[in-house]
Amino acid sequence: MLTNTCSKDQILLDNSSHYRILQAFNKAAATYTEHSQIQLQTCNSLIELLAPNLFHSQNIADFACGTGISTKNLIDAYGYNQYYAIDFAAQALLVAKDKLAEFNVNFIIGNYNTRQFPNKTLDLAFSNLGFNWSANLEETFKMMFKQLKRGGILAFSVPIDGNFKQLKKEFRNRFYRSEEILVLLQDSGFLLNKFHILTYDQLYENAFIALKSLKNTGTNVNLDNPITGLISFRKLNQMFENPEQISLTYKIGLFVATKL
């Protein structure tokens, strides 16, 4: 079942950053799976943190599920449950629906900052590298809190300060410090269970290949500095602090918290 809770008019009325994120992930739907090794590793690590929490016939929602890689990993880890896969990129969700056709998954086209479930419905709210696109992370946490049952689990991964440090400041998004996220979780009513930082370093042949790797997974949107049109190779190199050695560092925080 594919349910739409986000109308076209709502999308077009949103701010330009929201629209650019939507377009980027829809365009990356066909290339995401092939180029998402880091996303997959991060997802597996986050599920490992959840290992002590066993779920049986309970409600699990995968927010910003993309092409369904994370949803499939949750199914592999926790077996039969009631699964919901939520994403606002319809093209990505169609790929997920095809990939997970053999499983009983409810697919919802929608945003995680919009209520998708009645209060106290979910046992686990999960998001792998999705909440970093939230315009207001505190509001996202509060929305998760409302939809979780008491004692329910919020598990998510997000890039944190230091991510893509090789890009000049004007060409990378602002990422939260882990300490800021912990405060927002506490203020939203959550108790932190586990926190871990992952770091991946990737070396690339040139700037074009490095930036294309981001485009292939939809993560190339600069929220404050949209870049349009053709850009020369020389200018691409100038986006990096050290154009002689093109690399990207992924610095990702993993968080597992309980609704008090």
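For the structure itself, consult the block above.
Everything numeric here is computed off the predicted structure, so don't read it as measured data. (Residues numbered from 1 in each chain as written. Predicted model: local features only at pLDDT ≥ 70, side-chain atom pairs only at ≥ 80, totals over all residues. Heavy atoms only, no water.)

Leu-50, Leu-74, Leu-124, Phe-126, Phe-240, Leu-248 and Tyr-250 are the most contacted members of the largest nonpolar core, which has 42 residues in total. Beyond its immediate sequence surroundings of up to four residues, Tyr-250 is in contact with Ile-38, Asn-163, Phe-164, Leu-198, Thr-199, Tyr-200, Gln-202, Tyr-204 and Leu-214. Core analysis: the second largest hydrophobic core is formed by 35 residues, Leu-137, Met-143, Phe-156 and Phe-255 among them. (Core = buried A, V, L, I, M, F, W, Y, C linked by side-chain atoms within 4.5 Å. Buried < 20%, exposed > 50% of the residue type's maximum accessible area, 1.4 Å probe, protein only. Contact = heavy atoms within 4.5 Å.)

Here we come to the environment of Leu-254. Topologically, Leu-254 is positioned in strand S8 (residues 247-259). We classify Leu-254 as buried; its relative accessible area is 0%. When the C-alpha atoms of Leu-254 and Ser-178 are compared, they prove to be 9.5 Å apart, with 76 residues separating the residues in sequence. Ignoring any residue separated from it by four or fewer positions in sequence, one finds Leu-254 in contact with Thr-42, Ser-45, Leu-46, Leu-49, Phe-156, Ser-157, Lys-194, Phe-195, His-196 and Leu-198. (Helix = DSSP H or I, 4+ residues; strand = E, 2+ residues; numbered from the N terminus.)

To continue, consider the packing of aromatic side chains. This model, assessed by the stated rule, comprises eleven aromatic pairs. On the numbers, 5.9 Å between centres and 80 degrees between planes, the contact of Phe-25 with Trp-133 is edge-to-face. Residue Phe-25 is located in helix H2 (residues 16-27), and its partner Trp-133 is located in the loop between strand S5 (122-128) and helix H6 (137-147); the two are separated by 108 residues in the primary sequence. On the basis of relative accessible area, Trp-133 is assigned to the buried category, the value being 13%. Between the aromatic rings of Phe-63 and Phe-117, the centroid separation amounts to 6.2 Å while the plane-to-plane angle is 90 degrees, which identifies the pairing as edge-to-face. Of this pair, Phe-63 sits in strand S2 (residues 59-63) while Phe-117 sits in the loop between strand S4 (105-109) and S5, placing them 54 residues apart in sequence. Among the aromatic side chains, those forming a connected cluster through ring pairs are Tyr-112, Phe-131, Phe-141, Phe-156, Phe-195 and Phe-255. The cationic tip of Lys-259 hangs over the ring face of Phe-145; the distance from NZ or CZ to the ring centre is 4.5 Å. (Phe/Tyr/Trp six-rings, centres within 6.5 Å; stacked < 30°, edge-to-face > 60°. Lys NZ or Arg CZ within 6 Å of the ring centre and 35° of its normal.)

Moving on, we come to helix H4 (residues 69-78). With seven of ten residues buried, H4 is to be regarded as a mostly interior element. Listing the buried residues of H4 in full gives Ile-69, Ser-70, Thr-71, Asn-73, Leu-74, Ile-75 and Tyr-78. Residues of H4 that are buried in the fold lie against helix H3 (37-49), S2, strand S3 (82-87), helix H5 (90-99), S4 and S5. The positive-phi residue at the C-terminal boundary of H4 is Gly-79, with phi of around 65 degrees.

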